[in-house]
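Architecture and fold: a report
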Amino acid sequence: MKIRCKTGKIRILPESNWLSLAMLAGLFVEALFLLLVLALDVLPFQYILAILITLFVIDAAIVVLLNNKSRGSLQRIVGLIVVVVVIHVLLFGNVYVYSTYDTLQKISRQKATWEIYNVMALKEGSYNDIEDADGKTLSVVDMDSKQLTEAKERLVTGYDVSYDSKSNMLDVGRKLVGDDGKTHDNLILVTSDNRKLINQQIKGFQEKTKVIYSMKVKKRTDDNAKRIDVTEESFNVLISGKDVWGKLKSTKSGLSDVNMVMTVNPKTKEVLLTSIPRDSYVTLHSYGAKDKLTHTGIFGEEETKQTIEDFLDIDINYEIAVNFSMLVDIINAIDGIDVYSDYDFKSAIAEYEYTKGWNHLTGRPALYFARERKAFFEGDMQRNKNQQKVLKATIEKVTSSKVLMTRYAGLLNAVEDKMYTNLSDRDIKKLARLTLKHMGRKWTVKTVNISGGTGMAPCYSMGGQNLSCVFPSEDTVLEAKEAIHDTMYPVDNTIKKNQKDEKTETGHTETEE
């Protein structure tokens, strides 16, 4: 291939067919790489420009080297080596870019989520399988739930059952095992999450009962995100930690071990982590009754979100649900994190020990550091602080330029299939682009904790039964609200500070006079 110019002809493809094929192969791989990069839409413009300039310079050098007229010359050999190296590097880059694209699609795509419903009976009772339930009455909780309605209809259609509605979950459980331990040969219908709660509250329930039938009911995947431009406006994310290992299949299953609000200001590159004790005594959004925060999951994820919005007087824009496997895999992928322990302690549920001061932790030790509460006088309060320390250290290390460049593949594998979010792929790409654009500028991560005293109080979901709860201190709740507001609207905070300073100066002046 030749291009004419005033001084003669410029040859682009070499005369040798083999060299021409090698060069065309290189150009094809380059074109594919550029198409994937543009489709990914994560790199800032200056990065793309730098890639284009670099590839242009390399291609120009290859043209010059391969068009040397002397066969077997050093220039041709060097040119061929450059072509081979470029092809291999870009093939690796293509795999890298495609993996990123595929992972982002999997994370942001609205997944089908499922609720598991169980028909339960006594282990020593007369019901052994679902066929025995034909024509019988099942006790269920009285709740406005599309999933529960579907589960009931499916059982009615298949086995002609009827239902006896109870006002709360414990009354349903008592149809099998009473508070006095006596058993009753009946049938109940509960979700897997509610079954766990009943196990905790009714002594002997787990040992004396069995599941005779299970079914999965698909949950709605409505987009309830309050979307904004994540690179221009501050936003809040509800982070929930699930007591689950492996893939997060029933992604948004109700009950959560961790409830944390992450406030992000993309302009100032500040992140605020607000921890709320899981046993906080709060007012349910939809019922106006008091209950533990962790019990809001009984009524659905939306109830949890709306209750926290009421509690902190904020809008929650997005949600992220993660599981144990993801945390372990991410921390392992970045070669561990450094966290400061306030105490010497040993995990009550695993063989790990921690010393007061700085500890370098890999995945599982970091997980059990964040889960421990029995070792501390403050219990859940200290656990919340440790959870924040682990998350803060992880965010700071993941967003550093060195880790992003060298641990990229491991991070992708860590999050795939182990988290749910209603952040769109466009939102995630924008945030990634923002971080890359200001690579040298680190995100600042701050924390605030809501705390309070403990005591017994009646819980709505448990039929008014008195349970151990945390009563949030008004001062710490107010502090959290102000911290969230100041992170989201730092200009307002500056104005308030200036006004306060002016009043102080005026006061001094008046005193001097």
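Read on for a plain summary of the structure. Fair warning: this is a prediction, and the values are worked out from it, not measured in the lab. (Residues numbered from 1 in each chain as written. Predicted model: local features only at pLDDT ≥ 70, side-chain atom pairs only at ≥ 80, totals over all residues. Heavy atoms only, no water.)

As for the overall build of the protein chain
The following threshold applies: Numbered from the N terminus, helices here are DSSP runs of H or I no shorter than four residues, and strands are runs of E no shorter than two. Exposure categories follow from relative accessible area, calculated using a 1.4 Å probe and restricted to protein chains: below 20% of the type maximum is buried, above 50% is exposed, and the middle band is partly exposed. Contacts are residue-level and defined by heavy atoms, with any inter-residue pair within 4.5 Å sufficient. Only the protein chains shown count as cover for residues, and the accessible areas themselves come from Shrake-Rupley with a 1.4 Å probe.
Helix and strand counts for the protein chain stand at 16 helices and 21 strands. Scored against the burial criterion, the 513 residues of the protein chain give a buried share of 48%. Within the protein chain, contacts between residues at least 6 apart in sequence are counted, and of these 72% link residues at least 24 apart. By element, 54% of the accessible surface of the protein chain is carried by carbon and sulfur atoms, the whole surface being about 26400 Å².

Thoughts on the side chain of Ser234
Note the threshold: By the criterion applied in these results, polar contacts are pairs of N or O atoms within 3.5 Å in which, for protein atoms, one can donate a hydrogen and the other can accept it, and in which residues neighboring in sequence qualify only through two side-chain atoms.
Following the sequence through the fold, Ser234 ends up in the loop between β7 (209–219) and β8 (235–242). Polar contacts involving the side chain of Ser234 include one to the side chain of Asn265, which spans 3.3 Å. Separated by 3.0 Å, the side chain of Ser234 and the backbone oxygen of Met488 make a polar contact. Contacts of Ser234, omitting those with residues within four sequence positions, involve Ile228, Val264, Asn265, Pro266, Thr487 and Met488.

Focus: the pairing of strand β9 (residues 258–265)
The cut-off we apply is this: Two strands make a pair as long as DSSP finds a minimum of two bridges between them.
With eight of eight residues buried, β9 is to be regarded as a mostly interior element. Burial along β9 is two-sided: Val258, Met260, Met262 and Val264 and Asn259, Val261, Thr263 and Asn265, pointing in opposite directions, are all buried. Counting the residues that bridge the hairpin from β9 to strand β10 (residues 270–275) gives four residues, and of these Lys269 lies at a positive phi of roughly 55°.

Focus on unusual backbone geometry
With a phi close to 55°, Lys269 is a non-glycine residue in the positive phi region. Exposure remark for Lys269: the relative accessible area of 0% places this residue in the buried category. For Asp313, which is not glycine, the phi dihedral falls at a positive 60°. Mapping Asp313 onto the fold places it in the loop between α8 (301–312) and β13 (318–323).

Things to note about a negative patch on the surface
What counts is decided by this rule: Patch membership needs two things, relative accessible area over 30% and no salt bridge, and members are linked within 9 Å if like-charged or within 5 Å if nonpolar (Val, Leu, Ile, Met, Phe, Trp, Tyr). Salt bridge, as used here, is a side-chain nitrogen of Lys or Arg placed within 4 Å of a carboxyl oxygen of Asp or Glu. For the purpose of counting charges, residues Lys and Arg are taken to be positive, whereas Asp and Glu are taken to be negative. His and the chain ends are not included. The location of each charge is read from NZ of Lys, CZ of Arg, CG of Asp or CD of Glu.
On the surface, Asp129, Glu131, Asp134 and Asp160 cluster together into a negatively charged patch. One can find Glu131 in the loop between β3 (113–122) and β4 (137–141).

Things to note about the environment of Gly135
Along the chain, Gly135 turns up in the loop between β3 and β4. Using a relative accessible area of 52% as the deciding quantity, one classes Gly135 as exposed. Taking the C-alpha atoms as reference points, Gly135 and Asp160, 25 residues apart in sequence, are found 5.2 Å from one another. Ignoring sequence-local partners within four residues, the contact set of Gly135 consists of Tyr159 and Asp160.

Focus: the pattern of salt bridges
Any two side chains of opposite charge can pair, on the condition that their charged atoms come close. Under the criterion given, the structure shown has 18 salt bridges. Between Lys292 and Asp279 there is a salt bridge, and its shortest N-O distance comes to 3.6 Å. Here the residue Lys292 occupies a position in strand β12 (residues 290–292), and Asp279 occupies one in the loop between β10 and β11 (281–283), the gap between them amounting to 13 residues. A salt bridge links Asp342 to Lys389, with the nearest nitrogen and oxygen atoms 2.9 Å apart. Taken together, the residues Asp342 in the loop between β14 (337–341) and β15 (345–346) and Lys389 in helix α11 (residues 380–398) connect sequence positions 47 residues apart. In this structure Asp342 comes out as partly exposed when scored by relative accessible area, which is 27%. Residue classification places Lys389 among the partly exposed positions, given a relative accessible area of 22%. It is possible to trace a salt-bridge network through shared partners that takes in Asp171, Arg174 and Asp179.

Topic: the packing of aromatic side chains
Here is the rule we go by: In summary, the pairing rule links any two rings of Phe, Tyr or Trp, Trp by its six-membered ring, whose centres are within 6.5 Å, and it sorts them by plane angle into stacked for under 30 degrees, edge-to-face for over 60 and tilted for everything else. Lysine and arginine charges are scored as sitting over a ring when NZ or CZ, respectively, is within 6 Å of the ring centre and within 35 degrees of the ring normal.
The full count for this structure, using the stated rule, is 14 aromatic pairs. Ring centres 5.8 Å apart and planes at 40° place the aromatic pair Tyr343 and Phe376 in the tilted group. Of this pair, Tyr343 sits in the loop between β14 and β15 while Phe376 sits in the loop between α10 (363–371) and α11; the two residues are 33 residues apart in sequence, bridging distant segments of the chain. An angle of 65° between the planes, with centres 5.4 Å apart, marks the rings of Tyr354 and Phe369 as edge-to-face. Note that Tyr354 is positioned in strand β16 (residues 353–354) and Phe369 in helix α10, a separation of 15 residues in sequence. Residue class for Tyr354 comes out buried when judged on its relative accessible area of 3%. Residue Phe369 is classed as buried on the basis of its relative accessible area of 0%. It is Lys152 that lies over the ring of Tyr163; its NZ or CZ is 5.2 Å from the centre.

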